[in-house]
Amino acid sequence: AQSVTQLGSHVSVSEGALVLLRCNYSSSVPPYLFWYVQYPNQGLQLLLKYTSAATLVKGINGFEAEFKKSETSFHLTKPSAHMSDAAEYFCAVSDPGTGNQFYFGTGTSLTVIP
Amino acid sequence: DTAVSQTPKYLVTQMGNDKSIKCEQNLGHDTMYWYKQDSKKFLKIMFSYNNKELIINETVPNRFSPKSPDKAHLNLHINSLELGDSAVYFCASSPYARGSNTEAFFGQGTRLTVV
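None of these values were measured; they are calculated from a predicted model.

S.K.: For this particular structure, what's the right way to read the sheet that holds strand S3 (residues 19–25) of chain B?
M.R.: Residues and elements named next belong to chain B. Here we have four strands laid out as an open sheet, ordered S1-S3-S8-S7, and antiparallel in their pairing. Strands at the two margins of the open sheet, each flanked by one partner only, are strand S1 (4–7) and strand S7 (64–70). The sheet shows a mean angle of 20 degrees between the axes of neighbouring strands, direction not considered. Pairing between S7 and strand S8 (residues 73–78): five bridges, direction antiparallel. Residue pairing in the sheet places Ser65 in a bridge with His77 of S8.

Rendered as structure tokens:
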């Protein structure tokens, strides 16, 4: 099965600072890659997904992620954090050979300090 | 229009009871899932159904039984509830597309508390 690792279960940034959330996958064949956000007491919402059309993927709310095959990474960034970005962020993978089986990382809780 | 809807949103029940959580999607997707999110926010897939047929059944106690009456519905029935079953349960759906990076769409979750 595919697996994904998120380094840092908690990340704190100041409002206006760069947000960097890390995600690494562990297969020799690049999986399909996704970032989801979960606001308190809500379901998961897709932020962005890797489509193989470009290594830099832009998502909603100013987030973007860069796919780096050599580093087996798909880190999520945002140039300037906003208070409303405080949430839980999940990296997820699915297997291109089978699709439809989504495996999630352990999540990173983002705190934005005013 | 809610794409993936779960009921109830909150469920408090006593140990030993049997309960069900319902899920419906109006996206026309072929595949539906149940995930369990524990207190540390870890999301674990429990079941996956494609067109009413079970395709993933992770290591889950057999007290948990999914039921899919049609491809738009996937209900979760839990027998003999235990304290450790307390968690948030998410239903999700996705199109069935082998070789395509279609994403999963999630419901709002059902917070189950067993007392």
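S.K.: Can you walk me through the pattern of salt bridges in this structure?
M.R.: Opposite charge on two side chains lets them pair, provided their charged atoms get close. Across all of its chains, the model carries six salt bridges over all chains by this definition. The shortest N-O distance in the salt bridge between Lys78(A) and Asp85(A) comes to 2.9 Å. The salt bridge involving Lys71(B) is made with Asp30(B); its shortest N-O contact spans 2.9 Å. Linking Lys71(B) in the loop between S7 and S8 with Asp30(B) in the loop between S3 and strand S4 (31–37), this pair joins segments that are 41 residues apart in sequence. Judged by its relative accessible area of 33%, Lys71(B) is partly exposed. Residues joined by salt bridges that share partners form a network here, namely Arg63(B), Glu82(B) and Asp85(B).

S.K.: Whenever I open this one, the interface of chain B and chain A confuses me. Can you help?
M.R.: Accessible area lost during the coming together of the parts is what is often quoted as the interface size. In this assembly, 29 residues from chain B lie in contact with 24 residues from chain A. Counting the surface lost from both chain B and chain A, the interface buries some 2,100 Å², and carbon and sulfur atoms represent 51% of this. The interface formed by chain B and chain A includes one salt bridge. For the interface between chain B and chain A, the tally reads four residue pairs in polar contact (both at pLDDT 80 or more). Of all the secondary structure elements, the ones that give two or more residues to the side of chain B that touches chain A are S4, strand S5 (43–50) and strand S9 (87–94) of chain B. Ranked by the residues each element gives to the side of chain B that touches chain A, the list is headed by S4(B), at four residues. For the side of chain B that touches chain A, the per-class residue count stands at 12 nonpolar, 10 polar and seven charged.

So, how was this worked out
Residues numbered from 1 in each chain as written. Chains lettered and ligands numbered in written order. Predicted model: local features only at pLDDT ≥ 70, side-chain atom pairs only at ≥ 80, totals over all residues. Heavy atoms only, no water. Pairing = 2+ DSSP bridges. Helix = DSSP H or I, 4+ residues; strand = E, 2+ residues; numbered from the N terminus. Axes fitted to C-alpha atoms, helices over the stretch in contact; angles between N-to-C directions. Salt bridge = Lys/Arg side-chain N within 4 Å of Asp/Glu carboxyl O. Buried < 20%, exposed > 50% of the residue type's maximum accessible area, 1.4 Å probe, protein only. Contact = heavy atoms within 4.5 Å. Buried area = accessible area lost by both parts, 1.4 Å probe. Polar contact = N/O pair within 3.5 Å; in protein donor to acceptor, adjacent residues only side chain to side chain. Nonpolar A, V, L, I, M, F, W, Y, C, P; charged D, E, K, R; others polar.

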